[in-house]
There are 2 protein chains.
Amino acid sequence: MTRIELCDIEVVDRDAVERVQATQAHEDELGYLADTFQMLASPTRLRMVEALAGGELCVCDLAAVAGASPSAVSHHLRQLRQMRIVRFRKEGRMAYYRLDDEHISDLLRTGLEHVRE
Amino acid sequence: MTRIELCDIEVVDRDAVERVQATQAHEDELGYLADTFQMLASPTRLRMVEALAGGELCVCDLAAVAGASPSAVSHHLRQLRQMRIVRFRKEGRMAYYRLDDEHISDLLRTGLEHVRE
DNA sequence: TTGACATATGAGCAATCCTTCATATGTTCA
DNA sequence: TGAACATATGAAGGATTGCTCATATGTCAA
């Protein structure tokens, strides 16, 4: 933990700061949450997630919808899998992806509402 | 628009692809949405946003809560302002920031639910 | 078994991000 | 007015990202 630059009075409202600090999520939880939002911070991945909000799709069709190469899409899918944004099932040589849970489409919908307001 | 690599059969389920394409958000909207999620994709900014979910704070206190320098926090706040994640009011030489609307705390809550499940 | 194909993955590169340092702006108070 | 201070901002550098290209894996069909 490096020493941080601070205002001379340190904090303006010490009570407010301590109240906030008491309720903050833990470090690792926040890091994980940041990584989760990072997954939604790319237009290509957003197109993929938006497409999957309508139902499962194979990698090939995801690539067509997202306007990206199957390779790029596959790289993205691995990240989305690791962050539990998507799940997939294998059927022969095909892989069908879907959103992991309803939180993801919630995030998408709320985000769209925000940018459209 | 560069030519994209495609599976030989082009798409597996043409109907599904066309159905999805018909309902996708527009390019600029998705770009804007991606930028919005990008704002939530940094632990420091997340701590700031989480803190502001509890009420308004000045830059100095935000820096204390986020464990970052006032300079770094100010840079982040400019971005958050530009993406309409936060609003602020000036009072003398102080600046008090708050979340722009309830969508932001919704995103935070839903995100936390997702990572905690 | 062999060739074609859907998907996955490693390396590498340009672009972007997050922070620090230095400095600027505007306000308060002595 | 001038010093102190809260906040803002530009430049710069190391870290991270998103893509492409090359290649690997596993499946299907002839």
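A brief report on the enclosed structure follows.

What counts, and where the lines are drawn
Residues numbered from 1 in each chain as written. Chains lettered and ligands numbered in written order. Predicted model: local features only at pLDDT ≥ 70, side-chain atom pairs only at ≥ 80, totals over all residues. Heavy atoms only, no water. Pairing = 2+ DSSP bridges. Helix = DSSP H or I, 4+ residues; strand = E, 2+ residues; numbered from the N terminus. Buried < 20%, exposed > 50% of the residue type's maximum accessible area, 1.4 Å probe, protein only. Lys, Arg positive; Asp, Glu negative; His and termini not counted. Salt bridge = Lys/Arg side-chain N within 4 Å of Asp/Glu carboxyl O. Polar contact = N/O pair within 3.5 Å; in protein donor to acceptor, adjacent residues only side chain to side chain. Contact = heavy atoms within 4.5 Å. Axes fitted to C-alpha atoms, helices over the stretch in contact; angles between N-to-C directions.

**Some words on the sheet that holds strand S1 (residues 57-58) of chain A**
Residues and elements named next belong to chain A. With antiparallel pairing, three strands are arranged side by side in an open sheet as S1-S3-S2. The open sheet terminates on both sides in strands that have one partner only, identified here as S1 and strand S2 (86-91). Where S1 and strand S3 (residues 94-99) come together, two bridges link them in antiparallel fashion. Bridged to Leu 57 within S3 is Tyr 97.

**Considerations on the side chain of Arg45(B)**
Residue and element names in this part refer to chain B. You can see Arg 45 is positioned in helix H3 (residues 43-52). Although Arg 45 is buried, it forms no salt bridge, and the closest oppositely charged side chain is Asp 35 at an N-O distance of 9.8 Å. In terms of polar contacts, Arg 45 uses its side chain to reach the backbone carbonyl oxygen of Met 39, at 2.8 Å. Look past the residues within four positions of Arg 45 in its chain and what remains in contact with it is Gln 38, Met 39, His 76, Gln 79 and Leu 80.

**Focus on the side chain of Asp100(A)**
As for its position among the elements, Asp100(A) is in the loop between S3 and helix H6 (102-116). Given the relative accessible area of 14%, Asp100(A) is considered buried. For Asp100(A), the contacting residues outside a window of four places in its chain are Arg84(A), Ile85(A), Val86(A), Arg87(A), His114(B) and Glu117(B).

**Section: the sheet that holds strand S1 (residues 57-58) of chain B**
All names here are of chain B. The strand order across the open sheet formed by three strands is S1-S3-S2, and the pairing between neighbours is antiparallel. Looking at the sheet topology across the chains shown, the edges are occupied by S1 and strand S2 (86-91). Along the sheet, helix H5 (residues 70-82) makes contact with S2 and strand S3 (94-99), crossing S2 at roughly 120 degrees.

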